[in-house]
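This is what each chain is made of:
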Amino acid sequence: MEFNEQDIRIDYFRGSGPGGQHRNTSETGVRLTHLPSGIVVTATESRSRRQNLQRAFLRLEEKLAARNRKRIPRIATRPGKGAIARRLERKKQLGEKKRGRKPVED
């Protein structure tokens, strides 16, 4: 998938976590923002800016592809016989409970 350079903002930041002095002093974390959709992805796994940039672009591609994927609509189905029987049995139980709340007439 090709991107327009105007559509993506690239930010570099210091990645946290293990990695020692090199990681703490260099800005190798990458954050990509796809401006038209507002999707933001980050990559900070590696101490290499280039590897993180590649990972971030792959993640952005995946997210955009998932966003553009057409969803298959759910086909409505009627409840099965067992579900209907369970529902009716529960309704009978609730009715009995409510009838039991009535005061006893002499």
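Parameters at a glance
Residues numbered from 1 in each chain as written. Predicted model: local features only at pLDDT ≥ 70, side-chain atom pairs only at ≥ 80, totals over all residues. Heavy atoms only, no water. Helix = DSSP H or I, 4+ residues; strand = E, 2+ residues; numbered from the N terminus. Buried < 20%, exposed > 50% of the residue type's maximum accessible area, 1.4 Å probe, protein only. Contact = heavy atoms within 4.5 Å. Salt bridge = Lys/Arg side-chain N within 4 Å of Asp/Glu carboxyl O. Pairing = 2+ DSSP bridges.

Asks: Can you help me understand the side chain of Thr28 in this one?
Replies: For Thr28, the location among the structural elements is in the loop between helix H1 (20–25) and strand S2 (29–34). Residue class for Thr28 comes out buried when judged on its relative accessible area of 5%. Once residues within four sequence positions are removed from consideration, Thr28 is found in contact with Phe13, Ala43, Ser46, Arg47, Ser48, Arg49 and Asn52.

Asks: I'm lost on the pattern of salt bridges in this one. Help?
Replies: Pairing between side chains of opposite charge can happen when their charged atoms approach one another. Applying the stated criterion to the full structure yields four salt bridges. Of the charged contacts in the structure, one is a salt bridge between Glu45 and Arg59, with a shortest N-O distance of 2.6 Å. Of this pair, Glu45 sits in the loop between strand S3 (39–43) and helix H2 (49–68) while Arg59 sits in helix H2, placing them 14 residues apart in sequence. With relative accessibility at 43%, the residue Glu45 sits in the partly exposed group. For Arg59, a relative accessible area of 28% corresponds to the partly exposed category. Measuring nitrogen to oxygen at the nearest pair gives 2.7 Å for the salt bridge that ties Arg99 to Glu96. Of this pair, Arg99 and Glu96 are both found in helix H3 (residues 81–99), three residues apart, which corresponds to roughly one turn of the helix.

Asks: For this particular structure, what's the right way to read the pairing of S3?
Replies: Side-chain alternation along S3 places Ile39, Val41 and Ala43 on a buried face and Val40 and Thr42 on a face that remains uncovered. Pairing geometry for S2 and S3, over five bridges, is antiparallel. Note that in S3 the partner of Arg31 across the bridge is Thr42. Taken together, S2 and the strand that follows it, S3, pair antiparallel across an intervening segment of four residues, in which Gly38 is found at a positive phi of about 80°.

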